[in-house]
Amino acid sequence: MRNPPRTPMTTTLNRPLTVFLSDPVPGITAVPHEDNLRYFNVTIDGPSGSPYEGGKFKLELFLPDDYPMLAPKVRFLTKIYHPNIDRLGRICLDVLKANWSPALQVRTILLSIQALLSSPNPDDPLANEVAEEWKNNEQNAIKTAREWTERFAQ
Amino acid sequence: MATFTDPLDSITDPSDWADSTFPNLSKLDSLLRCHICKDFLKAPVLTSCDHIFCSVCIRRSLESDKKCPLCHEETYESKLRKVLLLDEISTWFTRNRPELLDKHRPTANNTPEPVAALEPEKPAAPLRYESRKKRAAEDPLVECPVCSTFMSADELQTSHIDSCLANKRARPSPSRPVISSFFKKERTPQTQPEFVKKKTKITNLDPTISTNKLKEKLNYWNLPTGGTRYQMETRMKEFISMYNANLDSVNPVDDRVLINRLMKWEGTYSLSNTAGDTAEDGAQWRRRYRKEYDELIKQARANMNRINTKLDSTD
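Bear in mind that the values here come from a model prediction, so they are computed numbers and not experimental data.

Caption draft 1: Molecular detail of the overall build of chain B. Regarding its fold elements, chain B presents 11 helices and five strands. The 315 residues of chain B split such that 26% are buried. Within chain B, contacts between residues separated by at least 24 positions form 54% of all contacts whose residues are at least 6 apart in sequence.

Here it is in structure tokens:
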């Protein structure tokens, strides 16, 4: 036997789900797996004005047993050229780590990720090479990001 | 309490009011919700930074992080103060919400369905599993931990539980309609029943407690002592959160009811286990991303070697 979830399953799992059904966020979708309600398939549209514009990025989101005491686990499935997202799609975002609070929601997290696409932060990098490029040759970095968006995020 | 009903049916949301004739009620609906569980406040407590959460939610949260989830200010369990009036308001709203929602349905011929509480002549059949789904939202009925019959918390505590434990066949007195009995007994506002005063909060579990002492503690509260050390610890911690939160409620329940809830809570876990999550997921995850993990490990090893050779060369 593993440790039990800290909060009743029905509430924690379906709250994010109902919120998405009743109050969708433009440019973001989250669909739970049929056989595992803790697991969501997420898509985020690249924000306009960013090098990711026009791209549709796939992510996976997993609610751990201790959610909402622990942050959801989120990862990009689509390849993306971004200083705060590494080759495995892992995301460097404060609200997913140290600044997570149980008062946050799946919704707010996905909005934060969308915002991260609009404002890459090469000073707190996860993908070091991308961050270097972003700092040294921003124009080129943005160009690469745009190319990757066209190649992988359609 | 979480039930095993169809999960989506029991979930309410402020957006339920969106197509009603009074959409503004969604504001009240969301104001009365806990920021942690997003459900209606149960036994709400006030933090030292003036934020309100369900007692059990904030206690669980403070167990891992001594910060307010809303403002990140340092907050301690000992500073939490119960807000009984708000508990009464939230209970009222939860109970009357289905009827309110019904009365504000936009359809032209909305002849409101008579509420169960207004028809005492209706025989009070013990609520069964099927009807529970609808009832759960209207009335905070509790389940007798012995015979699994639903009734008001008052009735359970004052008469039923003892007779039920003495004789398993005892049923709630049939002459008393289960639901209306809830409204007959008027308690002074913002007061808790007498028995709460005799109880004190359980102090938090000392993580260095010996396993034997932990078993003693579980035994003392009539909790099962099975499972691993970690499971016992988790069980005890959850019971402490539940017990202390119960003392913040305007309608506290008997310890036996709490134990029953705790067992159910552990049950939801085994239920989720058969539905398959983390354990299997962990394995699946590893299988699915083996290549990437392998590559990462290779990369990490290469980095390590590089650093080592660098260190060697500087020596």
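Caption draft 2: Spotlight on the overall build of chain A. When helices and strands are counted, chain A shows four helices and four strands. Of the regular secondary structure in chain A, the N- to C-terminal order runs α-β-β-β-β-α-α-α. Residues classed as buried in chain A amount to 42% of the 154 residues present. In chain A, the share of contacts with a sequence separation of at least 24, taken over all contacts with a separation of at least 6, comes to 54%.

Caption draft 3: Quick peek at the pairing of strand β3 (residues 56-62) of chain A. All names here are of chain A. Side chains Phe57, Leu59 and Leu61 of β3 all project onto a buried face; the interleaved residues Lys56, Lys58, Glu60 and Phe62 project onto a face where none is buried. As paired elements, strand β2 (residues 39-45) and β3 share seven bridges and run antiparallel to each other. Bridged to Val42 within β3 is Leu59. Bridge count for β3 against strand β4 (residues 73-76) is four bridges, and the pairing is antiparallel. In the sheet register, Phe62 faces β4, and the bridge partner there is Lys73.

Caption draft 4: Inspection of the sheet that holds strand β3 (residues 81-82) of chain B at higher detail. Residues and elements named next belong to chain B. Ordered in space as β2-β1-β3, the three strands form an open sheet in which the pairing is antiparallel. On the outer flanks of this sheet lie β2 (52-54) and β3, each paired with one strand and no other. Note: strand β1 (residues 44-46) against β3, two bridges, orientation antiparallel. Bridging from a neighbouring strand, Val45 pairs with Lys82 of β3. Lying over the sheet, helix α2 (residues 55-64) contacts β1, β2 and β3, oriented at roughly 95° with respect to β2.

Caption draft 5: Examining the confidence of the model for chain A more closely. The share of residues in chain A with pLDDT of 70 or more is 85%, and the mean pLDDT across the chain is 85. Within the model, pLDDT remains below 50 along residues 1-10 of chain A, and this stretch shows 30 contacts once partners closer than five positions in the same chain are excluded.

Caption draft 6: Broad picture of the UniProt feature "active site" (unreviewed entry) in chain A. Residue and element names in this part refer to chain A. Summarizing the sequence annotation, UniProt attributes the feature "active site" (unreviewed entry) to Cys92 in the numbering used throughout. Looking at where Cys92 falls in the secondary structure, it is placed in the loop between β4 and α2 (106-118). Among the residues examined, Cys92 registers 18 C-beta atoms within 10 Å and is labelled partly exposed. If we skip the residues at most four places from it in the chain, Cys92 touches Asn84, Asp124 and Leu126.

Caption draft 7: Region of interest: the sheet that holds β3(A). Residue and element names in this part refer to chain A. The four strands lie next to each other as β1-β2-β3-β4, forming an open sheet whose pairing is antiparallel. Across the chains shown, the open sheet's two edge strands, defined by having one partner strand only, are β1 (28-32) and β4. When strand polarity is set aside, the average angle formed by the axes of neighbouring strands in this sheet is 25°.

Caption draft 8: The arrangement of the UniProt feature "domain: RING-type" (unreviewed entry) in chain B in detail. Annotation from UniProt places "domain: RING-type" (unreviewed entry) at residues 34-72 of chain B. The span residues 34-72 of chain B shows a helical share of 26% and a strand share of 15%, and its end C-alpha atoms are spaced 16 Å apart.

Caption draft 9: Main features of helix α8 (residues 229-246) of chain B. Counted at 1.5 Å a residue, the expected span for α8(B) with its 18 residues is 26 Å, and the 25 Å between its end C-alpha atoms agrees. Those residues of α8(B) that fall on the buried side of the exposure criterion are Arg235(B), Met236(B), Glu238(B), Phe239(B), Ile240(B), Ser241(B), Met242(B), Tyr243(B), Asn244(B), Ala245(B) and Asn246(B).

Caption draft 10: Structural detail: the nonpolar core. Formed by 56 residues in total, the largest nonpolar core has its most connected members in Ile113(A), Ile36(B), Cys54(B), Cys57(B) and Ile58(B). If we ignore the near neighbours within four places in the chain, the residues touching Ile58(B) are Ile36(B), Val45(B), Thr47(B), Phe53(B) and Leu80(B).

Caption draft 11: Main features of α2(A). Residue and element names in this part refer to chain A. With 13 residues, α2 extends 19 Å between its outermost C-alpha atoms, agreeing within 8% with the 18 Å of an ideal straight helix rising 1.5 Å per residue. For α2, every residue scored as buried is listed here: Val106, Ile109, Leu110, Ile113, Gln114, Leu116 and Leu117. Projected down its long axis, α2 shows its buried positions confined to an angular sector of 155°, all on one face.

The rules behind these values
Here the residue numbering is sequential within each chain, running from 1 through the sequence in written order. Here the convention is simple: chains get letters from A, ligands get numbers from 1, in the order in which they are written. Only residues with pLDDT of at least 70 get local features here, since the model is predicted, and only at 80 or more are side-chain atom pairs given and counted; chain-wide, interface and lining totals rely on the full set of residues. Numbering of helices and strands starts at the N terminus; helices are DSSP runs of H or I of at least 4 residues and strands are runs of E of at least 2. Three classes are used. A residue is buried when 20 or more other C-beta atoms lie within 10 Å of its own, exposed when 12 or fewer do, and partly exposed in between, with C-beta atoms placed from the backbone. Think of it this way: build a C-beta for each residue from its backbone, and any pair within 7 Å is a contact. For two strands to pair, DSSP has to find at least two bridges joining them. Lines fitted to C-alpha atoms define the axes here, with helix axes fitted over just the stretch in contact, and angles between the N-to-C directions of these axes take values from 0 to 180 degrees. pLDDT expresses, on a scale from 0 to 100, how confident the predictor is about each individual residue. UniProt positions are given in the numbering used here, feature names are shortened, and annotations may be inferred rather than shown by experiment. How far a helix is expected to stretch is found by multiplying one less than its residue total by 1.5 Å. In this description, a nonpolar core means buried residues of the types Ala, Val, Leu, Ile, Met, Phe, Trp, Tyr and Cys, linked to one another by C-beta atoms lying within 7 Å. It is the directions from the helix axis to the C-beta atoms whose arc is reported.

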